[in-house]
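Letter by letter, the chains look like this.
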Amino acid sequence: MAHALTVRPTARLRRLPPVLAVVAVVALLALPFAPGDGGGAHPADAVSAVAVLYCALRLVRDRRRPLSRTAAVVLALPVLGLAVAAVGAVSPGAGLAGLGRYLQVFVLVPAAVLLLLRDRGDVRLLTWSMVGLALWQGAVGVHQYVTATGASYQGERIRAVGTFGPQDVMGMATVVSLGLVCAVGLALGRPPVRLRLFAAGCALVLLLPLALSFSRGAWIATAVTCAVQLLLAGVRRALAVGAVVVSAAVVLVGGFGVGTAMLQERVGSITEVTDAPDQSVTDRYTMWAAAAGMWRERPLTGVGLKGFPEHRDAHASLALSSGSETDGAGAGYRRQPLLSPHNMYLLVLAEQGVIGLLCLAGSWLALLVLGLRGLHAVRRERGAVPDCAFVACGLLVWQLTDFAYADIGGPSTVLTAVCFGLAAWWALGSRGQGVAER
């Protein structure tokens, strides 16, 4: 009897879905975390490493083939360019640190997510956890705006940053945007009507904190992604949902006056490239030019992982400021150095050269093509597309669009790895491995 009592808890643990290891990574991003001056890993990064180890132990225990040949090639493709760039880094320590980060975000964690997702029920659980995280961070951000306790923006502490603090002003915008994309994907699928309506309501609610993040890149990526999702669901549906979203935006911004003047100015600044741009726009384009200069200097292999800060001043013009100012949201005034070009494609091109860009972008493009092809194949076979397809393809489109305005860095980066894992599940694993529907 005593033996049976000791076995039961172990048996219950084994019955828990493996995807809970990934859900734990998402849940930890809800916690406030303030790294030191030298940066630092978020607890979610540590748990993502545990999830990878847990996945490896499951594979050893089950003695099964981990990935199909196509999945192995697509996910391992970035390793070639990363290895070459790590050898050419400014120091062995920088090379190893950069190699570890890139492997975490684009290889190891996506592969673990792909293998830990058993069926569409697991995908929905992970997707709803991302929506829940977005709602929590969005609620914190709206409270910061209303109470003037957010990050400093144009002299006022109104910028919504959630629990990420002023040092990572893109963190909340990223989380809210991805949650909104997940909610739209769930609303476009085939769950019960109540869940679809609830998901649509979540998407509309998340528009407010997204607007209050004042993040132009997140706005653009979210608008492009939602438009793609709606078009994949059908033109008529896209027009109907688009009308609802526009009406909601008019009510939020126009009816309630949610930061109307500042939002209009921020939106207008998107196109101000040569006509009196603000300093942030000038800095961004100056760093883009510096990244291009590094690539021209070493076109094949780049300047090495973590090499952009070391070579920035030699390629940047005098228009580049000394750093960005951060204040508010529970932190004091700081001046942060500009250590990346805020463009993932140019960062890879500068540090890894053409070889690295072809390997990384080739992997991403393969996921996108296979994912869209799978979506159209399911539509031809069954006449309707599951919500998992809209979510997975939407998250990938968002990442690839946002990479034109941002790069990896900060606590929210681990969520990027989860998104690539979801995209890989749909593109490489959902049908090829006979995953059951639920």
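Our subject in this report is the structure included herewith. Small disclaimer: the values here were computed from a predicted structure and weren't measured.

## A closer look at the overall build of the protein chain
Scanning the protein chain from terminus to terminus reveals 16 helices and four strands. Residues counted as buried form 50% of the 438 residues belonging to the protein chain. Intrachain contacts of the protein chain at a sequence separation of at least 6 include 77% that bridge at least 24 residues. Accessible surface, the protein chain as shown: approximately 19,600 Å² in total, 66% of it carbon and sulfur.

## Let's talk about the packing of aromatic side chains
Across all of its chains, the model carries twelve aromatic pairs by this definition. An angle of 75° between the planes, with centres 6.4 Å apart, marks the rings of Phe106 and Phe403 as edge-to-face. Here Phe106 is found in helix α5 (residues 92-116), whereas its partner Phe403 is found in the loop between α15 (387-402) and α16 (413-429), with 297 residues between them in sequence. Note on Trp364 and Phe420: the rings are 5.9 Å apart at their centroids and 35° apart in plane angle, and the pair reads as tilted. Of this pair, Trp364 sits in helix α14 (residues 344-382) while Phe420 sits in helix α16, and the two are 56 residues apart along the sequence. Here Trp364 and Phe420 have matching classes, each one buried.

## Digging into helix α2 (residues 20-28)
Within the sequence span of α2, burial applies to Ala21, Val22, Val23, Val25, Val26 and Leu28. Contacts made by the buried residues of α2 are with α3 (43-62), α5, α6 (120-147) and α16.

## Some words on the side chain of Asp119
Examined against the element boundaries, Asp119 turns out to sit in the loop between α5 and α6. Judged by relative accessible area, which is 9%, Asp119 ranks as buried. From its side chain, Asp119 meets the backbone nitrogen of Gly121 in a polar contact 3.0 Å long. At a separation of 3.0 Å, a polar atom in the side chain of Asp119 contacts the main-chain amide nitrogen of Asp122.

## Quick word on a nonpolar patch on the surface
Together, Leu16, Leu20 and Leu125 give the surface a local cluster of nonpolar side chains, amounting to about 230 Å² of exposed area. Tracing the sequence through the fold places Leu16 in the loop between α1 (2-15) and α2.

## Some details on the nonpolar core
Counting 114 residues, the largest nonpolar core has Tyr102, Phe106, Leu126, Met130, Met344, Leu395 and Leu428 as its most contacted members. Residues in contact with Met344, not counting those within four places in the same chain, are Tyr102, Phe106, Trp364, Phe403, Ala406, Asp407 and Ile408.

Quick notes on the rules
- Residues numbered from 1 in each chain as written.
- Predicted model: local features only at pLDDT ≥ 70, side-chain atom pairs only at ≥ 80, totals over all residues.
- Heavy atoms only, no water.
- Helix = DSSP H or I, 4+ residues; strand = E, 2+ residues; numbered from the N terminus.
- Buried < 20%, exposed > 50% of the residue type's maximum accessible area, 1.4 Å probe, protein only.
- Contact = heavy atoms within 4.5 Å.
- Areas by Shrake-Rupley, 256 points an atom, 1.4 Å probe, with all protein chains shown as cover.
- Phe/Tyr/Trp six-rings, centres within 6.5 Å; stacked < 30°, edge-to-face > 60°.
- Polar contact = N/O pair within 3.5 Å; in protein donor to acceptor, adjacent residues only side chain to side chain.
- Patch = residues over 30% accessible without salt bridge, like charges linked within 9 Å, V, L, I, M, F, W, Y side chains within 5 Å.
- Salt bridge = Lys/Arg side-chain N within 4 Å of Asp/Glu carboxyl O.
- Core = buried A, V, L, I, M, F, W, Y, C linked by side-chain atoms within 4.5 Å.

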